[in-house]
Amino acid sequence: MPRTLIRKNPSNFKTLPLHVEATPEGLSYQSVGMPLNFAQTLQRRKPVEVPDAERFAVELANLGVSVRLTLHWQNREYWVLVRQRRQDRGDVVLKLISGYVPAHELNLPLHTAIQEIAEECLLETPEGWLGGRFNETWLPAPYSTALHYREALPFRLSPLSGAARPVRCATTQLIERPRAYVHLPTASLQLIYDLRLEVPKEAKSLSLFHVDERLEGDQLVARLDRQRPDLYLMPLKDGQPLAELYTVKKDQLYPASTRGLYLAESFAQQEGWVVREERIRWKDWLRQQGLAEPEKESKLKRLTGRARQMLRKIVPKKKRAT
């Protein structure tokens, strides 16, 4: 049974609409208007158009932030994806860890990104849940009233190489150089930070879970469901993704089904500063990346293999002629 970790009043969240200007050399944004609560923000997330994907000025509903998180664990690397039922769009996708940037952090969205990792990506060991550090800063422990966090064994976050084109909040360039795109269907500016999470070698019997807040009535509720971990790992080889997905329970990788799977729009093709799609099918994304899913051994082939083994046991080898 899912365990309730925290309840929040969504009216406490405030963000600001944005004015965004883009050129081939860079993108800048600044807040406009009055702060909006969660419901007001959703009302403004309606499709917009721009005449040129490289050069435009547009007013948008909000700033969103995501993390392309590379997990380093057991001498291998994986991208971290989470499953989300998007209530505002009526679909289910695998996406990057992400969230809305509150009004007071518009000029420091990296701080929001780090908090989202602490809230959405939970690492469990038999001795408790792992806390984390970004450089010398401790991540928050958002569910400390419900879960026991280990203080002595934190995971470590560090930045990876940033995007080539700069992004500015007003005149201040954002640190760690996030990738940026304007998502036209939701009238939002999205920033993606490239970060690395290193699991300490001493962390044994590791399990991974995703926790996300859902609007239920007049409250935002976060629950932990052990039957549906909802956090997936995509293996990397030489820094490039492989067409495989896994969940992790007690140090074991379990293959996840990709049948009928959709990925969020951050995986869709970006044109200039613009992404036009709501989502992309897993198979279409693999085709864009030039990837192919590993062939699954057919039932017939497995049966044939078992039959050969049984035959060897039943029929002795012919004796050599003397």
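Residues numbered from 1 in each chain as written. Predicted model: local features only at pLDDT ≥ 70, side-chain atom pairs only at ≥ 80, totals over all residues. Heavy atoms only, no water.

Visitor: Provide a residue-level description of unusual backbone geometry, including the pertinent values.
Guide: A positive phi is found at Asp-238, a non-glycine position, where the angle reads about 55°. A positive phi angle, near 50°, is found at Lys-250, a position not held by glycine. Relative to the helices and strands, Lys-250 is located in the loop between strand E22 (246-249) and strand E23 (252-255). (Helix = DSSP H or I, 4+ residues; strand = E, 2+ residues; numbered from the N terminus.)

Visitor: How would you sum up the pattern of salt bridges? Please name residues and give values.
Guide: All told, the structure shown has 17 salt bridges when counted by the stated rule. As a salt-bridge pair, Arg-276 and Glu-271 come within 3.3 Å of each other at their nearest N and O atoms. Classification of Arg-276 by relative accessible area gives partly exposed; the value is 37%. Residues joined by salt bridges that share partners form a network here, namely Lys-8, Glu-119 and Glu-213. (Salt bridge = Lys/Arg side-chain N within 4 Å of Asp/Glu carboxyl O. Buried < 20%, exposed > 50% of the residue type's maximum accessible area, 1.4 Å probe, protein only.)

Visitor: Outline helix H2 (residues 109-120), listing residues and values.
Guide: With 12 residues, H2 should cover 16 Å at 1.5 Å per step; its first-to-last C-alpha distance of 16 Å lies within 8% of that length. Among the 12 residues that make up H2, 10 are buried, leaving the element largely enclosed by the rest of the structure. Among the residues of H2, Pro-109, Leu-110, Thr-112, Ala-113, Ile-114, Glu-116, Ile-117, Ala-118, Glu-119 and Glu-120 are the ones counted as buried. (Expected span 1.5 Å × (residues − 1).)

Function cannot be inferred from these measures alone, as they are strictly geometric.
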